[in-house]
Amino acid sequence: MFQMQVLPKTIMYRKIGAAIGIDLGTTYSCVGVWQNDQVEIISNDQGNRTMPSCVAFTNGGRLIGEGAKNQITMNPTNTIYDAKRLIGRRFNDTKLQEDIKLWPFKVIKGTSDIPMIVVSHNGEDKEFSAEEISSMVLIKLKEAAEKFLGKTVRDAVITVPAYFDDSQRQATKDAGHVAGLNVLQIINEPTSAAIAYGLDMKNDIARDINVLIFDLGGGTFDVSLVTIDKKGTITVKAVAGDTHLGGQDFDNAMVDYFVEQFKRKHKADISANKKALSRLREACEKAKRVLSSIIDTTIDIDNLHDGVDFSMRISRAKFEKLNEDFFSNCIKMVETCLADAEMNKKQIDEVVLVGGSTRIPKVQQLLKDFFQGKELSKKIHVDEAVAYGATVLAAKLTGYTGKRVSNLVLIDVVPLSLGIEIYGGSLSVLIKRNSPIPVKKEGIYVNVQDYQDTLPFNVYQGERSMAKDNNWLGKFDVAIPPLPKGLSKVNVIFDIDANGILNCSGVELTTSLKKGIMVTNYKDRLSTRNIEKMLDDAHKYKLQDEENMKKVFVRNALEDYIYDVKSKIKKIGNTSKTFTKKELEIMEIAIEKASEILNESRLAGFDEYQKALNQLEKVCLPIIAQHV
Ligand code: ADP
Ligand code: MG
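Here the structure is a predicted model, which is why all the values come from computation and not from measurement.

K.L.:
Please explain helix α4 (residues 94-102) as it appears in this structure.
P.N.:
Helical periodicity: at 3.6 residues per turn, an α-helix aligns residues three or four positions apart in one direction. Listed in full, the buried residues belonging to α4 are Leu 96, Asp 99 and Ile 100. Here the buried residues of α4 occupy an arc of 105 degrees about the axis, which is enough to place them on one side. Across α4 from its buried face, at more than 90 degrees, point the exposed residues Thr 94 and Lys 101. Residues of α4 that are buried make contact with α3 (83-86), β8 (106-109) and β9 (115-121). For α4, the N-terminal capping position is held by Asp 93, with its side-chain oxygen 2.9 Å away from the main-chain nitrogen of Lys 95.

K.L.:
I would appreciate a short explanation of the nonpolar core in the present structure.
P.N.:
When a protein is soluble and globular, its nonpolar side chains tend to lie buried together. Ile 20 and Ile 22 are the most contacted members of the largest nonpolar core, which has 53 residues in total. Among the elements that line this core, the one with the most residues is helix α5 (residues 130-149), at 10 residues. Inspection of this core shows a minimum of three residues originating in each of domain 1 (20-186) and domain 5 (533-625). The residues touching Ile 20, leaving out its near neighbours within four places in the chain, are Val 31, Gly 32, Val 33, Lys 142, Ala 145, Val 153, Asp 155, Ala 156, Val 157, Leu 181 and Ala 394. Judged by nonpolar contacts, the second largest core, of 51 residues, contains Phe 221, Met 254, Tyr 257 and Phe 310.

K.L.:
Could you clarify how one ought to interpret the packing of helix α8 (residues 247-266) against helix α9 (residues 274-290) in this entry?
P.N.:
When two helices pack together, their arrangement is given by the angle between their axes and by how far apart the axes lie. One way to put it is that α8 packs onto α9 with a least axis distance of 9 Å and a crossing angle of 120 degrees. Here α8 is positioned oblique relative to α9, judged by the angle of their axes. For the pair α8 and α9, the crossing hand works out as right-handed. Seen from α8, the contacting residues are Gly 247, Phe 250, Asp 251, Asn 252, Met 254, Val 255, Phe 258 and Val 259; seen from α9, they are Leu 277, Leu 280, Arg 281, Cys 284, Glu 285, Ala 287 and Lys 288. Tallied by class, the residues present in the contact of α8 with α9 amount to 9 nonpolar, 2 polar and 4 charged.

K.L.:
Is there a simple way to think about the site of ligand 1 in this case?
P.N.:
Residues in contact with ligand 1 amount to 17 residues; listed here are only the nearest, Thr 27, Gly 218, Glu 285, Lys 288 and Ser 292. One of the side-chain N or O atoms of Glu 285 is found 2.4 Å from an oxygen atom in ligand 1. Note that a nitrogen atom of ligand 1 is positioned 3.3 Å from one of the side-chain N or O atoms of Arg 359. Per-element tally for the shell around ligand 1: the top contributor is α9, with 3 residues.

K.L.:
Would you explain empty space enclosed by the protein in this entry?
P.N.:
A probe as big as a water molecule, rolled over the atoms, marks out the empty space that is left. Overall, the coordinates contain 6 cavities of 30 Å³ or more when judged by the stated rule. Put simply, the largest cavity is a space of about 100 Å³. Those elements that place two or more of their residues in the lining of the largest cavity are α3, α5 and β11 (155-160). For the lining of the largest cavity, the element with the most residues is α5, which contributes 3 residues. Of the residues contributing to the lining of the largest cavity, the split by class is 7 nonpolar, 6 polar and 2 charged.

K.L.:
What exactly am I supposed to notice about the sheet that holds strand β15 (residues 233-242) here?
P.N.:
Sheets are built from strands paired through backbone hydrogen bonds, the pairs being either parallel or antiparallel. Ordered in space as β18-β13-β14-β15-β19, the 5 strands form an open sheet in which the pairing is mixed. At either margin of the open sheet sits one strand with a lone partner, and together these are β18 (350-354) and β19 (409-411). This sheet shows a mean twist of 25 degrees between the axes of neighbouring strands, independent of strand direction. Judged from the 8 bridges that link them, strand β14 (residues 221-228) and β15 form a sheet pairing that is antiparallel. For Ser 224, the partnering residue across the bridge sits in β15 and is Val 239.

K.L.:
So what exactly am I meant to see when it comes to the sheet that holds strand β6 (residues 62-64) here?
P.N.:
In space, the 3 strands of this open sheet follow the order β6-β5-β7, with antiparallel pairing throughout. The sheet terminates laterally at β6 and β7 (79-80), the two strands that pair on one side only. Along the sheet face, α5 touches β5 (55-57), β6 and β7 and points at about 110 degrees away from the line of β5.

K.L.:
How should the environment of Asp 300 be read in this particular structure?
P.N.:
The residue Asp 300 is located in strand β16 (residues 296-305) in this model. Separated by 169 residues in the primary sequence, Asp 300 and Glu 131 have C-alpha atoms spaced 36 Å apart. With residues near it in sequence (within four places) discarded, Asp 300 still touches Phe 310 and Ser 311. Here the side chain of Asp 300 touches Ser 311 through a polar contact of 2.6 Å, side chain to side chain.

K.L.:
Sorry if this is basic, but what is going on with the confidence of the model for the protein here?
P.N.:
Detailed reading of the predicted model is not advised wherever pLDDT is low. For the protein, per-residue confidence averages 88 on the pLDDT scale, and residues scoring 70 or more make up 94% of the total. Low pLDDT (under 50) marks residues 1-17, which in the prediction has 14 contacts with non-local residues, meaning those over four places away or in another chain.

K.L.:
Looking at this structure, how should I read the side chain of Glu 66?
P.N.:
In this structure, Glu 66 sits in helix α2 (residues 66-70). Within the buried set, Glu 66 has no salt-bridge partner at all; the shortest N-O distance to an opposite charge, 6.8 Å, is to Lys 140. At 2.7 Å, the side chain of Glu 66 forms a polar contact with the side chain of Asn 48. Not counting residues within four places of it along the chain, the set of residues in contact with Glu 66 comprises Asn 44, Gln 46, Asn 48, Thr 50, Met 51 and Pro 52.

K.L.:
What is the right way to look at the pairing of strand β10 (residues 124-129) in this model?
P.N.:
For a regular strand, the rule is simple: side chains alternate between the two faces of the sheet. Pairing of β9 with β10, which is carried by 6 bridges, proceeds in the antiparallel orientation. Along β10, the bridge assignment pairs Val 118 with Glu 127. Between the antiparallel neighbours β9 and β10 lie 2 residues, among them Asn 122 with a positive phi of about 50 degrees.

K.L.:
How should I be thinking about unusual backbone geometry in this particular structure?
P.N.:
Glycine aside, residues mostly have negative phi angles, and peptide bonds mostly take the trans form. The linkage connecting Ile 437 with the following residue, Pro 438, adopts the cis geometry, with an omega of -5 degrees. Relative to the elements of secondary structure, Pro 438 occurs in the loop between β21 (427-431) and β22 (439-446). With a phi angle near 55 degrees, Lys 267 is a residue other than glycine that sits in the positive phi range. Within the fold, Lys 267 resides in the loop between α8 and α9. Positive phi outside glycine occurs at Asn 303, with the angle close to 45 degrees. Along the polypeptide, Asn 303 turns up in strand β16.

K.L.:
I'm lost on a negative patch on the surface in this one. Help?
P.N.:
A surface patch of like charges, here negative, comprises Glu 585, Glu 588, Glu 592 and Glu 596. Here Glu 588 shows up in helix α17 (residues 581-599).

Conventions we followed
Residues numbered from 1 in each chain as written. Chains lettered and ligands numbered in written order. Predicted model: local features only at pLDDT ≥ 70, side-chain atom pairs only at ≥ 80, totals over all residues. Heavy atoms only, no water. Buried < 20%, exposed > 50% of the residue type's maximum accessible area, 1.4 Å probe, protein only. Helix = DSSP H or I, 4+ residues; strand = E, 2+ residues; numbered from the N terminus. Arc of directions from axis to C-beta. Contact = heavy atoms within 4.5 Å. Polar contact = N/O pair within 3.5 Å; in protein donor to acceptor, adjacent residues only side chain to side chain. Core = buried A, V, L, I, M, F, W, Y, C linked by side-chain atoms within 4.5 Å. Domains from an automatic or database assignment. Axes fitted to C-alpha atoms, helices over the stretch in contact; angles between N-to-C directions. Parallel < 35°, antiparallel > 145°, perpendicular 65-115°, else oblique. Left-handed = near helix turned anticlockwise from the far one by under 90°. Nonpolar A, V, L, I, M, F, W, Y, C, P; charged D, E, K, R; others polar. Near = heavy atom within 4 Å. 1 Å grid on protein atoms, 1.4 Å probe; cavity = no way out; pocket = protein on both sides within 12 Å on 5 of 7 lines; lining within 4 Å. Points joined across faces, edges and corners; volume = space filled by probe spheres on them. Pairing = 2+ DSSP bridges. pLDDT = per-residue confidence, 0-100. Lys, Arg positive; Asp, Glu negative; His and termini not counted. Salt bridge = Lys/Arg side-chain N within 4 Å of Asp/Glu carboxyl O. Patch = residues over 30% accessible without salt bridge, like charges linked within 9 Å, V, L, I, M, F, W, Y side chains within 5 Å. Areas by Shrake-Rupley, 256 points an atom, 1.4 Å probe, with all protein chains shown as cover. Charge placed at Lys NZ, Arg CZ, Asp CG, Glu CD.

In structure tokens:
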């Protein structure tokens, strides 16, 4: 009897306990699990609930998270951040080219126009795609969750900015795959925050409420207008945003300002000094945070460039002035979102803040003024709400049937219009932006020349009228019978799934031959073989990391042992049982020899440390034993 009662519970726990929700942020990431009928945001090994999305390569090994971020100024060219700004993008993308100029690490053009990050790892140059770097961040989060739960995790919901296009979504899904995760769903960040808000609010909602989610993070800005009904259905009415607007832009504006100030004051240009820029950027980010609570601060950096120390004040007002265009763009985007949802500002019941940069007082003030003095809601945690919502969805998708979650229904939208390039170069839109997903739309296209044998379809995503001004997602050809112009017809079908990912197909109408194509420039960029290689590499790096951990462990053991021996010698030296001169000399030589390996800058092999430790022990232990 007892067993029969326990069994279903155990099964349910195993099923739901193993799904995680991940906010894979540009600057910080966060992971949650569903446990005991609630979301647990997981602290990592450093005790932090969010982790820098940063990966570093050193001659000793690989570092992920805080460890990577902490050594960035010493190792700027091999410390990779901002993978999210690279993911799913083409190397020739103009925005990406601007970013490349700012990054201290090197990005080159790989095959099929994929941007590849070049780092020096264990003395060798290595190339990584943004998917691989992101997968390393995901692995670290997955491991933190596994440690917390005490079991393996496979299923995950991962969030993306609402404004991510199809290739960026695909690439994020692949990064999850490379991290060994089964991606249950890709969900928009502000929608995820809306789930967190909805779950928190449910008991208070007596009617449908309109909620504006304002998510300003480190790299991206998203605004989303959702309606939450009292049953728990969250319907996204419209999204707007910018995949390149956030805290880092504010940091960079401050960096540019100080580079100019440095020029003026010290007659030197530091813009080519990567290490100096990296240190300056870090100091600016700190100063920016400080300016959210006090109205002026000082930046002090010793020996910034050519032995010159740098020290300068910056006021909150100056910071606001430097970023006024960015801030006013955020408000413009709120207007666009309202217009797309066909609502006016008076119809908004709640304005909810999400993302670290919403702590900036000026941002809050502009938003409050725009909503005519309305108080902004701070009920949900700005850093954790996105992961929180993703965790709730993960629990639901893995079968958790508790009341708080089972009512949750999500209706999201397509962030950018999708269409096909037609004769003359304009974009024929098949799915309009802000259409609810999943969605399926069709359109008939004819040949424009006599006796063509194929119709080429180029698929684009964006709002510009000329196709080439939008994001190119991919191309597919459909064979047609050679007929005079206007007589061959192809019915093109666009189908968007719940992840916001597009599938395309074309049916030739005289023969009814259907051609199904997964359209994305991404698929021909990263073939299955490539992904398999990344999976192999991920495994290899994991083994290397474990190997390094072992080395660091035994190195520390040696360091501790030397310290121990030294303090024992000192202690015994002060007693009547003190050592002979000869004994002391033998031990000192042994200590010096063992210390040699610690003074090397490289991380030596496990066996070398072990050997040094054993030898030291062999010499000192018998001598000390005679004197205790
Ligand atoms: P993302 O999701 O894009 O990684 P987050 O929502 O985690 O971003 O926000 C990180 C950003 O928030 C960083 O640019 C950080 O500098 C900024 N930030 C954090 N705290 C503050 C603060 N007190 N004042 C201003 N900006 C802040
Ligand atoms: Mg975020």
